[in-house]
Amino acid sequence: MFKKLYDKAIQGSKHRHASKYLAILSFAESSFFPVPPDVMLAPMVLAQQEKAWRLAMITTIASVLGGMLGYAIGFFAFDMIQPWLEGSHYWSKYQLAEQWFKDWGFWAILIAGFSPIPYKVFTIAAGALSMMFLPFVLASFVGRGGRFFLVAGLLAWGGERFESKLRQYMDWIGWSVVVLIIIGVGVYKFF
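Every chain's residues receive numbers from 1 upward, in the order its sequence appears when written. Thresholds applied to this predicted model are a pLDDT of at least 70 for local features of residues and 80 or more for the giving and counting of side-chain atom pairs; totals over whole chains, interfaces and linings are not thresholded and use all residues. Derived side-chain values reflect all non-hydrogen atoms in the structure, with water molecules and hydrogen atoms excluded from consideration.

**Topic: the overall build of the chain**
Numbering goes from the N terminus for both helices and strands, where a helix is a DSSP run of H or I of at least four residues and a strand is a run of E of at least two. Each helix and strand counted, the chain has nine helices and zero strands in total. Secondary structure elements of the chain occur, N-terminal to C-terminal, as α-α-α-α-α-α-α-α-α. When each of the 191 residues of the chain is scored for burial, the buried share is 42%. Contacts are assigned to residue pairs with any non-hydrogen atoms lying within 4.5 Å of each other. Expressed as a percentage of contacts within the chain between residues at least 6 apart in sequence, the contacts between residues at least 24 apart total 76%. Summed over its atoms, the accessible surface of the chain is roughly 11100 Å², and 71% of this surface lies on carbon and sulfur atoms. Only protein chains enter the accessibility calculation, which uses a 1.4 Å probe. A residue is then buried if its area is under 20% of the maximum for its type, exposed if over 50%, and partly exposed in between. All accessible areas in this document rest on Shrake-Rupley with a 1.4 Å probe, and a residue is counted as covered only by the protein chains that are shown.

**Here's the deal with the packing of aromatic side chains**
The pairing test for Phe, Tyr and Trp rings, Trp by its six-membered ring, is centres within 6.5 Å, and the orientation test on the planes gives stacked under 30 degrees, edge-to-face over 60, and tilted for anything in between. If you walk through the whole model with that rule in mind, you get 13 aromatic pairs. Ring centres of Phe78 and Tyr94 lie 5.1 Å apart, and the angle between their planes is 25°; this geometry places the pair in the stacked category. With Phe78 in helix 4 (residues 52–87) and Tyr94 in helix 5 (residues 91–104), this residue pair connects regions lying 16 residues apart in the sequence. Tyr94 gets classed as buried once you look at its relative accessible area, which sits at 2%. Between Trp84 and Tyr90, the aromatic rings sit 6.5 Å apart at their centres with planes inclined by 40°, giving tilted as the arrangement. Members of the aromatic cluster, each reached through a chain of ring pairs, are Tyr71, Phe75, Phe76, Phe133 and Phe136.

**Details of the environment of Ser31**
When you line up the elements, Ser31 lands in the loop between helix 2 (18–29) and helix 3 (38–47). By relative accessible area, which is 3% here, Ser31 ends up buried. As a C-alpha pair, Ser31 and Ile124 span 93 residues in sequence and 7.2 Å in three-dimensional space. With residues up to four places along the chain from it excluded, the contact list for Ser31 reads Gly66, Leu69, Gly70, Ile73, Lys120, Thr123 and Ile124.

This is the structure we're talking about:
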């Protein structure tokens, strides 16, 4: 089952408009969309290893531009989205982002850009808290770029050998992830 999905992802990664879709996903994820661009970047790099740096750059630039939209949402429209945010599962993450800004400022965006923490929450918080715009953009570019170039570099370095091993174990990996998600949801709900 997961091998078929993996094969479709690799096949879709070679589509002539795949780079545009990657840019759109990267932009959207930085301000409002929940799916990280890594899920599209990874198979694209595996399918086109010679374009790894170009794909990482597309992802980085689009993500930073999307982060600017998130900043604008926080700066100009936070009062409108705050009720929704308070009712969502992102509220605790937003409060964490506020605290990080108070403690670390510039470094909070850089860390959020690189880590799996929802970057969009930090972009909105940066705008809502009126972080200086140029440091925000610089931290976003360094954090996001570091993450996406690392992903692309590791996958390109692993090359075909890595891709074939990944495909070989894809069903095992996929079911393991499903089990971990079920366990995580169970722990979250009961503890």
